[in-house]
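Working through the structure, step by step
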Amino acid sequence: MYILAGIMSLLQYVEQCHDDKIERLAFCPGCGRSKPWCHGCYSRKSDRINSASESLNLIYIQRYYCDGCGKTCSVLPECIPPRRWYLWETQQAAILQFFLEGSARAVEKKVKPSRHTITRWVAWIIVQFNSHKDALCTKFPSFGLLTEPVAFWRHVFDKLSLSTAMRLCHVAGVSVP
Ligand SMILES: [Zn+2]
């Protein structure tokens, strides 16, 4: 998987796809061979917020095939998480709200995901704290001053979006959901 930096919203991505401005994959992320083959697209229903009449779905994701290592590679815009339905933006809003309110039951009244989903996201961000922190501190040493997950992420969200933080973790080799 390769993540396109700086594409922060689905609308921005859809417009860039429409104008054929999506960056082509120059190197295979697996073996480094240049110019992997563009191997078509697949679609995802990443818009889970807008109503049916305003929905941006389907969202097309480029796929590449590398002759060197025989692997395929998807190219995702930064705003879409690899293995979760809701965009990073929605997850960030829910997680931050949970930190403020302290209960998923209170948060689910304000955001679309259910309290079970919100609880799962919060558990993940707390359990993975050390690996996320280590990855982000290589780029932002000052984040190392925060030694507890809630204070850490509240500080990170002041500087970076969750999508950017997760892109940096992915580049650093940390598995991103
Ligand atoms: Zn390769």
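Shown above is the structure to which this text applies.
Anyway, here's the lowdown on the structure attached to this text. What you see is a predicted model; the values in this text were computed from it and never measured. Sequence order as written defines residue numbering, which begins from 1 separately in each chain. In view of the model being predicted, local features appear only for residues whose pLDDT reaches at least 70, and side-chain atom pairs are presented and counted only at 80 or more, with totals across whole chains, interfaces and linings using the full set of residues. Each side-chain value is derived from all of the structure's non-hydrogen atoms; neither hydrogens nor water enter the calculation.

1. Digging into the nonpolar core
- By size, the foremost hydrophobic cluster in this structure holds 31 residues, and its most contacted members are I95, I118, L136, W153, L162 and M166.
- For this core, the secondary-structure elements that each account for two or more residues are helix 2 (88-101), helix 3 (104-107), helix 4 (115-127), helix 5 (129-139), helix 6 (149-159) and helix 7 (162-171).
- The residues touching L162, leaving out its near neighbours within four places in the chain, are W88, Q91, Q92, I95, I125, W153 and F157.
- Counting residues in each nonpolar core, the second largest holds 15 residues, with L10, Y13, L76 and C79 among its members. Here, the term nonpolar core denotes a set of buried Ala, Val, Leu, Ile, Met, Phe, Trp, Tyr and Cys residues that are joined through side-chain atoms within 4.5 Å. Whether a residue is buried, partly exposed or exposed follows from its accessible area with a 1.4 Å probe, protein chains only, as a fraction of its type maximum: under 20%, in between, or over 50%, in that order. Helix and strand assignments follow DSSP, with helices taken as H or I runs no shorter than four residues and strands as E runs no shorter than two, numbered in order from the N terminus. Contacts were defined at the residue level, with two residues in contact if any of their heavy atoms lie within 4.5 Å.

2. Let's talk about the packing of aromatic side chains
- By convention, a stacked pair of Phe, Tyr or Trp rings (six-membered ring in the case of Trp) has centres within 6.5 Å and planes under 30 degrees apart, an edge-to-face pair has planes over 60 apart, and any other such pair is tilted. The full count for this structure, using the stated rule, is seven aromatic pairs.
- Judged by centre distance (6.3 Å) and plane angle (25 degrees), the rings of W88 and W124 are stacked. Note that W88 is positioned in helix 2 and W124 in helix 4, a separation of 36 residues in sequence. Each member of the pair, W88 as well as W124, is classed as buried.
- With a centroid separation of 4.9 Å and an interplanar angle of 20 degrees, the aromatic rings of F140 and F143 are classed as stacked.
- Note on F140: relative accessible area 25%, which makes it partly exposed.
- Looking at F143, the relative accessible area reads 2%, which means it is buried.
- By way of ring pairs, the aromatic residues F129, F140, F143, F152, W153 and F157 are connected into one cluster.

3. Considering the coordination of the zinc ion
- Note that water is not among the atoms used; donors are N, O and S atoms within 2.8 Å of the metal (3.2 Å for Na, K and Ca), so sites may look incomplete. On the protein side, the zinc ion has C28 (SG), C31 (SG), C66 (SG) and C69 (SG) as donor atoms, found 2.3 to 2.4 Å from it.
- Angular criteria define each label, namely tetrahedral for four donors with all angles between 85 and 135 degrees, square planar for four and octahedral for six donors with opposite donors over 155 degrees apart and remaining angles between 65 and 115, and irregular for whatever fails these tests. Geometry at the zinc ion is tetrahedral, judged from its four donor atoms and the angles of 101 to 117 degrees they form at the metal.
- One chain supplies every donor for the zinc ion, spaced along it as C-x2-C-x34-C-x2-C. On the criterion of sequence distance, the pair formed by C31 in the loop between helix 1 (10-18) and strand 2 (37-44) and C66 in the loop between strand 3 (59-65) and strand 4 (72-77) is long-range, its members being 35 residues apart.
- For C66, a relative accessible area of 3% translates into the label buried.

4. Quick word on the pattern of salt bridges
- Any Lys or Arg side-chain nitrogen located within 4 Å of an Asp or Glu carboxyl oxygen qualifies as a salt bridge. According to the stated counting rule, one finds four salt bridges in the structure shown.
- Its salt-bridge partner being R24, residue D20 comes within 3.5 Å of it at the nearest N-O pair.
- Note on D20: relative accessible area 58%, which makes it exposed.
- The salt bridge involving E78 is made with R167; its shortest N-O contact spans 2.6 Å.

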